[in-house]
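Survey of secondary and tertiary structure
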Amino acid sequence: MHLLTILIVVSIAILLRSRTVSATKEWSSRWYQTLFLFCFPGLLMLTTAVAVLYMGCHGHMLGMRAGSVGCLIAIGLILFASASWFKLAYQSYCSLHQLRCYPQETIANTTARVLDLELPYSAQAGFWQSELIVSRGLLTVLDAEHLTAVVAHEQAHAKYRDPFWFFWLGWIRSFSFWLPNTEALWQELLLLRELRADRQATESVDFLLLAESLLAVAKAPLEPAVGYIGFNDAQTGDRLQVRIDSLLNQTESIEEHCWQRCTWLGWLFLPWLTIPLHY
């Protein structure tokens, strides 16, 4: 019975992940729909695995005997998810430890750590309380006004706690990589994250300055040399065009977090309601 439950949940996860999000939707609708399709399937499998492991390999459920195969699969999924979390946490810890060795300077009235890199680069590093990271190359390429625009963009990432939340999203990505559209949905979330930060930055700086800064930074090749800790990547190609078009056509207002759109989180505990059925 446990094996049948896991197979049903995996089938639901595959069906959900097979869906795509229309690029014509408003930003907020795309964000919450993409977040659901990315997070819910993997987390549902994980909560199901926890429920199956709690019920154990013995006894019956709905008149059917509980076998050991389902429990072994549940253990494997939990161990894989745990190992993925420890690996990501260790990589992030090492990156942050390395970054804290760099000196701090005041950039556009904001304290930042300055990396000794030639390419233009900016990021928010950390977890809940992140800090600004910039490269020497960025300070060389941009003047004071454009630096202020970049800092405003990074401060938007800090406001929304993007390094913290994308650490957890990266964890979901790591243990659910085999589901359909995982990478496509991940890239969509990264793009929407940047669009949100761009839009928030325009509340304090001229959107043309920010667009010009994007063009200057995008000329440099991408080099994520310090590992994954929720950095803002230099976007190129079509993604850069999307961000600039969004800055030039600001038709949608910024929507604060709407927790009512995340009611699907309650459905993650549905597998636990089957525990009383096991005897």
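Here's a quick rundown of the structure.

Scoring rules and cut-offs
- Residues numbered from 1 in each chain as written.
- Predicted model: local features only at pLDDT ≥ 70, side-chain atom pairs only at ≥ 80, totals over all residues.
- Heavy atoms only, no water.
- Helix = DSSP H or I, 4+ residues; strand = E, 2+ residues; numbered from the N terminus.
- Buried < 20%, exposed > 50% of the residue type's maximum accessible area, 1.4 Å probe, protein only.
- Contact = heavy atoms within 4.5 Å.
- Areas by Shrake-Rupley, 256 points an atom, 1.4 Å probe, with all protein chains shown as cover.
- Pairing = 2+ DSSP bridges.
- Salt bridge = Lys/Arg side-chain N within 4 Å of Asp/Glu carboxyl O.
- Axes fitted to C-alpha atoms, helices over the stretch in contact; angles between N-to-C directions.
- Parallel < 35°, antiparallel > 145°, perpendicular 65-115°, else oblique.
- Left-handed = near helix turned anticlockwise from the far one by under 90°.
- Nonpolar A, V, L, I, M, F, W, Y, C, P; charged D, E, K, R; others polar.
- Patch = residues over 30% accessible without salt bridge, like charges linked within 9 Å, V, L, I, M, F, W, Y side chains within 5 Å.
- Lys, Arg positive; Asp, Glu negative; His and termini not counted.
- Charge placed at Lys NZ, Arg CZ, Asp CG, Glu CD.
- Core = buried A, V, L, I, M, F, W, Y, C linked by side-chain atoms within 4.5 Å.

Attention now goes to the overall build of the protein. In terms of helices and strands, the protein carries 9 helices and 6 strands. Counting only residues that meet the buried cut, the protein has 51% of its 279 residues in that class. Considering only contacts within the protein whose residues lie at least 6 apart along the sequence, 72% involve residues at least 24 apart. When the accessible area of the protein is evaluated, it comes to approximately 14,000 Å², of which 63% is carbon and sulfur surface.

With that settled, consider the pairing of strand S3 (residues 104-107). As paired elements, S3 and strand S4 (residues 110-115) share 4 bridges and run antiparallel to each other. Directly across from isoleucine 107, in S4, lies its bridge partner threonine 110. Joining the antiparallel neighbours S3 and S4 is a turn of 2 residues, in which alanine 108 adopts a positive phi near 50°.

What follows deals with the pattern of salt bridges. Scanning the entire structure with this criterion turns up 8 salt bridges. Taking the shortest distance from any N to any O, the salt bridge between arginine 136 and glutamate 105 comes out at 2.8 Å. With a gap of 31 residues between them, arginine 136 in helix H4 (residues 136-141) and glutamate 105 in strand S3 connect regions that are remote in the sequence. Between arginine 196 and aspartate 162 there is a salt bridge; the shortest N-O distance is 2.5 Å. Remark: aspartate 162 occurs in helix H6 (residues 162-175) and arginine 196 occurs in helix H7 (residues 182-201); sequence separation between them is 34 residues. For arginine 196, a relative accessible area of 6% corresponds to the buried category. One salt-bridge network, in which partners are shared between bridges, spans Arg193, Glu194, Asp198 and Arg243.

Turning our eyes to something else, we now look at the packing of helix H3 (residues 68-99) against H6. Relative orientation of the contacting elements H3 and H6 amounts to 135°, with a least axis distance of 9 Å. Classified by the interaxial angle, the pair formed by H3 and H6 is oblique. The chirality of how H3 crosses H6 is right-handed. Along the contact surface, H3 presents Phe80, Ala81, Ser84, Trp85, Leu88, Ala89 and Ser92, while H6 presents Phe167, Trp168, Gly170, Trp171, Ser174 and Phe175. Its residues assigned to classes, the contact of H3 with H6 shows 9 nonpolar, 4 polar and no charged.

A positive phi angle, near 65°, is found at asparagine 109, a position not held by glycine. Locating asparagine 109 in the fold gives a position in the loop between S3 and S4. Accessibility expressed as a relative area gives 78% for asparagine 109, which makes it exposed. In this structure, asparagine 181 is a non-glycine residue whose phi angle is positive, near 65°. When its relative accessible area of 29% is taken as the criterion, asparagine 181 is described as partly exposed.

As a further point, take a negative patch on the surface. Taken together, the side chains of Asp143, Glu145, Asp206 and Glu212 define an acidic patch exposed on the protein surface. As for its placement among the helices and strands, glutamate 145 is situated in helix H5 (residues 144-159).

Direction vectors running N to C along H5 and H7 enclose 115°, while the axes themselves pass 8 Å from each other. Crossing hand, H5 versus H7: right-handed. From H5, Ala152, His153, Ala156, His157 and Lys159 reach across to H7, where they touch Arg193, Glu194, Ala197, Asp198, Gln200 and Ala201.

Once that is clear, we can look at the nonpolar core. Membership of the largest hydrophobic core comes to 44 residues, with the highest contact counts inside it found for Phe38, Cys39, Leu169 and Trp171. Secondary-structure elements contributing two or more residues to this core are helix H1 (2-17), helix H2 (27-55), H3, H6 and H7. Sort the elements by how many residues they give to this core and H2 lands first, with 15 residues. Excluding residues that lie within four positions of it along the chain, cysteine 39 makes contacts with Leu169, Ile172 and Trp264. Ranked by size, the runner-up nonpolar core spans 12 residues in total, among them Leu142, Val150, Ala216 and Val217.

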